[in-house]
Amino acid sequence: MEDRGSYLANTEVIVHAGGLSERWYPVTQGKIPKVMTEIGSNPRPMLEWTILPYVKSGVKKFFITLWHQADQIIQHCNELSEKSGIEFVFLKEDEKRMGRAGVVKYYLEKGVLDVNKHKINVGGSDIVNLKLEDFVKFHLEGLSHGFLVTLVGSPSGQSQFDKIIFDPATNRVIRMDMERAINLSLGEHANTGTAYFDAKVNDMFLKIDEGRVPIDWENIGDELFSVARCFESTRLFESWIPLKTPYDYKKAKDLDFEEWFDVNSVEDILGEYKSNPV
């Protein structure tokens, strides 16, 4: 089995940034893509804060899925690449939506995504203060017991998000419940949108029937959940900032993300950024 360093080096990080984000409209008035919304006491686009924990851990290449207002995201990522040396590969959806699983299937078939590499899927508007070393360690421990998938969950008391139902004794995922606005109890975690897929799972994406597209990975079904574990590492608004509504924006717009991520200067990692508020 690969060690932590080689396993991560053989991993492609996919950030899903193509959503229409209708609930976010009061914040941007539709002028910019959601992931370009500036947040934090040192304002930068949320996309940058989303990728920061991965960049801190040495990841220098990201695959960005795109649909709504894609050109603005591409332009910003190209500018960020020039300043930071980070490489971005853009996975554009067609006019018809593909979903977070459908777009992975499409670009695996095209050879843009490598069928022999592992995948981390990240929500573009979910900022998770993830300790990547611990995440990889937990994932590899699961692999040794036949678990190919690790889902990052949050035990926060009440959730507006999909919930992960799992066995608290083994962390084995039982199913994903799409019902929202419910109290979470033992064996239930909110889905943070972050998931680690071993390369063997790429075959599940490739086997998705075209008739099921658009489809998100949460809807692949029992084949995926039967080989998944839940990683309990985040708490709502403590180590996970989901940006879905104007309320979430108010919680995040003045947050000191540099202190939150324990970095002295984000400019040293991502380069200078000139604020351009909506």
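Conventions used here
Residues numbered from 1 in each chain as written. Predicted model: local features only at pLDDT ≥ 70, side-chain atom pairs only at ≥ 80, totals over all residues. Heavy atoms only, no water. Helix = DSSP H or I, 4+ residues; strand = E, 2+ residues; numbered from the N terminus. Rg over C-alpha atoms; globule rule 2.2 N^0.38 Å. Buried < 20%, exposed > 50% of the residue type's maximum accessible area, 1.4 Å probe, protein only. Pairing = 2+ DSSP bridges. Salt bridge = Lys/Arg side-chain N within 4 Å of Asp/Glu carboxyl O. Axes fitted to C-alpha atoms, helices over the stretch in contact; angles between N-to-C directions. Parallel < 35°, antiparallel > 145°, perpendicular 65-115°, else oblique. Left-handed = near helix turned anticlockwise from the far one by under 90°. Contact = heavy atoms within 4.5 Å. Nonpolar A, V, L, I, M, F, W, Y, C, P; charged D, E, K, R; others polar. Polar contact = N/O pair within 3.5 Å; in protein donor to acceptor, adjacent residues only side chain to side chain.

Colleague: Go over the overall build of the protein chain, please, and point to the residues and values.
Modeller: A tally of regular secondary structure across the protein chain gives eleven helices and 15 strands. Here the protein chain has a C-alpha radius of gyration of 18 Å; the compact-globule value for 278 residues is 19 Å, and the two agree. By principal-axis analysis of the C-alpha atoms, the protein chain measures approximately 45 × 40 × 40 Å. Sorting the 278 residues of the protein chain into buried and exposed places 56% on the buried side.

Colleague: Describe helix H3 (residues 46-56), naming the residues involved and giving the relevant values.
Modeller: The element H3 is extensively covered by neighbouring structure, given that ten of its eleven residues are classed as buried. Taken together, the buried positions of H3 are Met 46, Leu 47, Glu 48, Trp 49, Thr 50, Ile 51, Leu 52, Pro 53, Tyr 54 and Val 55.

Colleague: If you had to explain the pairing of strand S6 (residues 118-123) to someone new, which residues and values would you point to?
Modeller: Counting buried positions along S6 gives six out of six residues, so the element sits mostly inside the fold. Residues of S6 alternate between two faces, with His 118, Ile 120 and Val 122 on one and Lys 119, Asn 121 and Gly 123 on the opposite face, all of them buried. Sheet topology note: the S6/strand S13 (residues 188-197) ladder contains three bridges and is antiparallel. Paired with Lys 119 across the bridge in S13 is Phe 197.

Colleague: Residue-level account of the pattern of salt bridges, with values.
Modeller: Once the charged atoms of two side chains with opposite charge are near each other, the side chains can pair. Under the definition given, this model contains 15 salt bridges. For Glu 87, the salt bridge goes to Lys 61, with nearest N and O atoms at 4.0 Å. Taken together, the residues span a long stretch of sequence, with Glu 87 in strand S5 (residues 87-92) and Lys 61 in strand S4 (residues 61-66) at a distance of 26 residues. Across the pair Asp 71 and Lys 92 runs a salt bridge, and its minimum N-O distance is 3.9 Å. Pair noted here: Asp 71 is in helix H4 (residues 70-84) and Lys 92 is in strand S5, with a separation of 21 residues, a long-range link. Through salt bridges with shared partners, a single network forms among Arg 44, Glu 48 and Glu 267.

Colleague: How would you sum up the packing of H3 against H4? Please name residues and give values.
Modeller: Closest axis-to-axis distance for the H3/H4 pair is 11 Å, and the angle between their directions is 50 degrees. Classified by the angle between their axes, H3 and H4 sit oblique to one another. Between H3 and H4 lies a crossing whose hand is right-handed. Judged by residue contacts, Leu 47, Glu 48 and Ile 51 of H3 engage Ile 73, His 76, Cys 77 and Leu 80 from H4. Its residues assigned to classes, the contact of H3 with H4 shows five nonpolar, one polar and one charged.

Colleague: Break down the environment of Lys 105 for me, with residues and values.
Modeller: One can find Lys 105 in helix H5 (residues 99-109). Spatially, the C-alpha atoms of Lys 105 and Ser 226 are 20 Å apart, while their sequence positions differ by 121 residues. Residues within four places of Lys 105 in sequence aside, it is in contact with Phe 205, Leu 206, Ile 208 and Glu 210. A polar side-chain atom of Lys 105 sits 2.9 Å from a polar atom in the side chain of Glu 109.

Colleague: A description of H5 should follow, citing residues and the corresponding values.
Modeller: An α-helix turns once every 3.6 residues. As a result, residues three or four positions apart point the same way. Of all eleven residues making up H5, eight are buried, and the element is well covered by its neighbours. Restricting attention to buried positions, one finds in H5 the residues Gly 99, Ala 101, Gly 102, Val 103, Val 104, Lys 105, Tyr 107 and Leu 108. Close packing links the buried residues of H5 with strand S1 (11-16), S4, S5, S6 and helix H7 (202-206). In the segment just after H5, Gly 111 is the residue with positive phi, at about 85 degrees.

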